[in-house]
Structures are given as structure tokens and as C-alpha cells.
Amino acid sequence: MWDMSVRWPNGARCAVMLTFDFDAETLWTSRDPANATRQGVLSQGRYGAKVGVPKILDVLAEADVKSTFFIPGWTVENHQDRAEMVLKAGHEIAHHSYSHRWIENDPAAEMEEMERGLSALKARLGIVPKGYRSPAGEVSANLFKLLQQFDFLYDSSLMDDVNPYRHTMPDGSKGPIELPWHWSLDDAPYALFSVKNPRPIFTNEHMLSIFKEEFREIYRWGGLYDIIFHPQVSGRPSRLNLIRELVAFIRTFPNVWFATGTEVAEAWSAAHEGGA
């Protein structure tokens, strides 16, 4: 039988990463620059900053769990008070581009997104992030060279595994550790609606059933449960309760480790490579 289990710290059976992509307005302007003048569309992103982030931080404090927020540099510059709230609450902040643009074959633009995002995090929050997540999982062939160049510990952009693994660069050197995700553990496909991109908005029961069943099996495998929420989606009143219910459900299972991306990557490396 193929063993998929990971050796997690202190005998934990499963690692859980609660992650939040705090895109704010960049989610909309990166998809369509014309959205910059559409105040109704942008107001969804502003809700994530204005209401979603503070309420999510309340839920996480009540549950006494730490999480990782992936934040574009533009969001840090334009909602600095909310990014500071995340940092002061003890959560990890990771890199999520500068403007949430999806860049494929433009190395200069990709470098600009990387450097401007890093600059915003350093100048506004005083941090050098260890983790990176690409906007919407869109990854160029050049990305991992950039992540190695800027000494990132981990990436969380790909969907080709359940458990962490180490990227090997074309020259044989070590790249970042990958912490995989999947659309089934992301609130956006179920509840991110716009008039120009209409989707059905699924019930919380529907979303929870998928999130729970994925957890059951990943727990059985002894793996990594990496779930993504967006403050403008799951910062809505009933979905805040969805997060509460999901955390409570996960805690009915013994030996579960809630951790940040950096903690997961470092623990995996220590157990499976002898160190990062």
C-alpha cells in the first residue's frame, strides 16, 4: 500500500493550513482594468477589507488558531491598517504578487510584480515574506526561478499533489517547498459572483460538505489540508459561521495541527530532508 502520510510534529496525524487571499479590489481590477471605474464591482473587494478581515480575525481569535494571509502589495499599500491588524494578531503574511495580475510570458512584468510586492511588504509592514502564492494559481515557467532568486521558503500555487514536496530546479539545485492547494478547497468557485461572470452561489451546507469530506480523507492519509478563503467571500456573515463550524468539525479529530505556511514547510523539511 502506498503510504501518503507525512511525519508531522508531536505525533500530529494531519496538518491544517487556514489561508486567506486578501486581494481586496485587485481581484477585480486584475481581471478587467475597466473595473477600476465600476464602483459596484469594486465594493465587493472593499468589503473584504472594511468588514471581512476584522471579522475573520475575530473568528480566528475565538478559535485560537493561527493562519496565513496572502496579500498583494497593492492591498498592503491601500489597506495598510487591515494588513497591520493581521500582523498584530500574530498571523503570517505571505506574498501574493503586487496587483494580482496573471502574467504568463513577460519576465519583466513578472519581476516588477515580484519586486513591487516585496517592497510594499517591507516598507509598510517591515516584513520579508517566506511564502508565495500566485494569483488564481496561474504560474509561469519562470516563477520558480524567481522564487529561488528571492530565497522563498515555500510556494502554494500548484495542484499536483496533496502533500508538500520540494521543487528541483533545472540545474539540480533546490527550489522552494510546494504546499499544494486545490479549487475544491477554495471558497471562490462556490460563492464569488459578478454580473459579467455569473456563477451560482452555493449554500454553506454544500460548501461545508465538500470541505469536510476532503478533510476526512486527507486526515486518513495523514497529509496537508490547505484551504483558501477570501475575505470578500467568506467575510460575509453566514460564511464566517461556516469557518467556525469547519474548525469545530476538524477539532473533533484527534492529533490535528493547525499551522502557518512557514511552520508547515519547516516541519516537512525537518522531517523529510533533515532541515530546510
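Anything mentioned here points back to the structure above.
Residues numbered from 1 in each chain as written. Predicted model: local features only at pLDDT ≥ 70, side-chain atom pairs only at ≥ 80, totals over all residues. Heavy atoms only, no water.

Draft legend 1. Structural view of the overall build of the protein chain. Along its length, the protein chain carries eleven helices and nine strands. What you see for the protein chain is a C-alpha radius of gyration of 18 Å, in line with the 19 Å of a compact globule of 276 residues. Seen through its principal axes, the protein chain has C-alpha atoms that stretch 55 × 45 × 35 Å. Taken over 276 residues, the protein chain has a buried fraction of 55%. For the protein chain, contacts bridging at least 24 residues in sequence account for 70% of all contacts bridging at least 6. About 12,200 Å² of surface is accessible on the protein chain, with carbon and sulfur atoms providing 52% of the total. (Helix = DSSP H or I, 4+ residues; strand = E, 2+ residues; numbered from the N terminus. Rg over C-alpha atoms; globule rule 2.2 N^0.38 Å. Buried < 20%, exposed > 50% of the residue type's maximum accessible area, 1.4 Å probe, protein only. Contact = heavy atoms within 4.5 Å. Areas by Shrake-Rupley, 256 points an atom, 1.4 Å probe, with all protein chains shown as cover.)

Draft legend 2. Broad picture of the nonpolar core. The biggest cluster of nonpolar side chains holds 51 residues, and the ones touching the most others in it are L18, F69, F211, F215, Y225 and F229. The greatest single-element share of this core, amounting to nine residues, is contributed by helix α2 (residues 39-63). Leave out the neighbours within four places in its chain, and F215 touches C14, V16, Y225, F249, I250, F253 and V256. Counting residues in hydrophobic clusters, the runner-up holds 18 residues, among them V6, I177, A259 and A267. (Core = buried A, V, L, I, M, F, W, Y, C linked by side-chain atoms within 4.5 Å.)

Draft legend 3. Focus on the packing of helix α8 (residues 204-221) against helix α10 (residues 237-250). Running from N to C, α8 and α10 cross one another at 25°; their axes reach a closest spacing of 11 Å. By the angle between their directions, the pair α8 and α10 is classed as roughly parallel. Crossing of α8 over α10 shows right-handed handedness. On α10, the residues that touch N204, M207, L208, F211, K212, F215 and R216 of α8 are S238, R239, L242, E245, L246, F249 and I250. Considered class by class, the residues forming the contact of α8 with α10 number eight nonpolar, two polar and four charged. (Axes fitted to C-alpha atoms, helices over the stretch in contact; angles between N-to-C directions. Parallel < 35°, antiparallel > 145°, perpendicular 65-115°, else oblique. Left-handed = near helix turned anticlockwise from the far one by under 90°. Nonpolar A, V, L, I, M, F, W, Y, C, P; charged D, E, K, R; others polar.)

Draft legend 4. Spatial organisation of the packing of α2 against helix α4 (residues 80-88). Where α2 meets α4, the closest approach of the two axes is 10 Å, and the angle between their N-to-C directions is 5°. What the angle tells us is that α2 and α4 run roughly parallel. Residues A49, K50, V53, P54 and L57 of α2 pack against R82, M85 and V86 of α4. Classifying every residue of the contact of α2 with α4 gives six nonpolar, no polar and two charged.

Draft legend 5. Looking closely at the pairing of strand β1 (residues 14-21). Burial analysis of β1 places eight of its eight residues in the buried class, which makes it a mostly covered element. Here β1 shows two buried faces, one formed by C14, V16, L18 and F20 and the other by A15, M17, T19 and D21. When β1 meets strand β8 (residues 224-229), the two strands line up parallel, connected through six bridges. Looking at β8, one finds that A15 is bridged to L224. (Pairing = 2+ DSSP bridges.)

Draft legend 6. Geometry of the environment of I201. In this structure, I201 sits in the loop between α7 (188-191) and α8. Along the chain, I201 and A120 lie 81 residues apart, while their C-alpha atoms are 34 Å from each other. Not counting chain neighbours up to four residues away, the residues in contact with I201 comprise Y190, A191, F193 and R239.

Draft legend 7. Looking closely at α2. Between its terminal C-alpha atoms α2 stretches 34 Å, which fits the 36 Å expected from 25 residues at 1.5 Å a residue. Taken as a whole, α2 carries its principal kink of about 45° at G52; the proline P54 stands between one and four residues after it. With its phi angle positive at about 55°, D64 sits one or two positions after the end of α2. (Expected span 1.5 Å × (residues − 1). Bend = angle between axes of the 7 residues up to and from the residue.)

Draft legend 8. The packing of aromatic side chains, seen in detail. Scanning all chains against the criterion turns up 14 aromatic pairs. Relative to F229, the ring of F211 has its centre 6.2 Å away and its plane inclined at 90°; by these criteria the two rings are edge-to-face. Residue F211 is located in helix α8, and its partner F229 is located in strand β8; the two are separated by 18 residues in the primary sequence. Accessibility classification places F211 together with F229 in one group, the buried group. With centroids separated by 5.3 Å and ring planes inclined at 90°, the aromatic side chains of F215 and Y225 adopt a geometry described as edge-to-face. (Phe/Tyr/Trp six-rings, centres within 6.5 Å; stacked < 30°, edge-to-face > 60°.)

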